[in-house]
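# Commentary on secondary and tertiary structure
Each chain, written out:
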Amino acid sequence: MSILNILQHPDDRLHISAKPIKELDAVTHQLVKDMAETMYSASGIGLAATQVNVPKRVIVIDISEARDDLLVLINPEIQSREGTVVFEEGCLSVPGVYDRVERSEQIMVQALSAEGDEFKLEATGLLSVCIQHEIDHLDGKVFVEYLSRLKQDRIIKKLKKNQKGLDQQGSS
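Predicted, not measured: the structure shown is a model, and the values here were computed from it. (Residues numbered from 1 in each chain as written. Predicted model: local features only at pLDDT ≥ 70, side-chain atom pairs only at ≥ 80, totals over all residues. Heavy atoms only, no water.)

### Topic: the side chain of serine 128
Relative to the assigned elements, serine 128 resides in helix H2 (residues 125-138). Taking relative accessible area as the criterion, serine 128 reaches 0% and is therefore assigned buried. Looking at serine 128, its side chain comes within polar contact range of the main-chain oxygen of serine 104, at 3.2 Å. Setting aside its immediate chain neighbours within four residues, serine 128 contacts Ser104, Glu105, Gln106, Ile107 and Ala123. (Helix = DSSP H or I, 4+ residues; strand = E, 2+ residues; numbered from the N terminus. Buried < 20%, exposed > 50% of the residue type's maximum accessible area, 1.4 Å probe, protein only. Polar contact = N/O pair within 3.5 Å; in protein donor to acceptor, adjacent residues only side chain to side chain. Contact = heavy atoms within 4.5 Å.)

What follows is the structure, encoded as structure tokens:
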């Protein structure tokens, strides 16, 4: 397994729509393992393949306290939505930025497991929000795009300033 590089907003590659997985092969299984290792190492609770520059419809999620309940969603599709909820979200592709986003409170998602079995999952609360957030990534959307243009501009400025500081540290 290996830790993959997570793309940072405003990288244009985060706006690429992912393609469905046609067959579960060794490459897909390795991708799932590498994504899980990357997510855990970055202390995240979810990661979409597009965030690691792989435009495939694969998501890994683990919202458990013990970090031992990995959920793999391949080719996920939301079948139904109910209610609304506002959660403060963050993102591994937008480090240090958190803001409130309105999402569906409850969803029904259909996907394939890592073993290729089709399943449906009813999700509420944090799991529902996390699945919607990660599916947005597969569709080429980053959570900050739900915010006002002013907030988005401030976030991009902050991220570029932080990146500039990291680049200067690396060159000294």
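On we go.
### Here we look at the sheet that holds strand E3 (residues 71-91)
Paired through their backbone hydrogen bonds, the strands of a sheet run either parallel or antiparallel. Taken together, 5 strands build an open sheet; the order of strands is E1-E2-E3-E4-E5 and the sheet is antiparallel. The strands lining the two open edges of the sheet, one partner per strand, are strand E1 (46-48) and strand E5 (118-124). Across the sheet, the axes of successive neighbouring strands diverge by a mean angle of 40°, strand direction being ignored. In this structure, E3 lies alongside strand E4 (residues 94-112), joined through 13 bridges in antiparallel fashion. Among the inter-strand pairings, valine 85 is bridged to a residue of E4, identified as arginine 103. Running at roughly 40° to strand E2 (residues 58-61), helix H1 (residues 26-41) makes contact with E1, E2 and E3 of the sheet. (Pairing = 2+ DSSP bridges. Axes fitted to C-alpha atoms, helices over the stretch in contact; angles between N-to-C directions.)

Shape is all these values report; function is a separate question.
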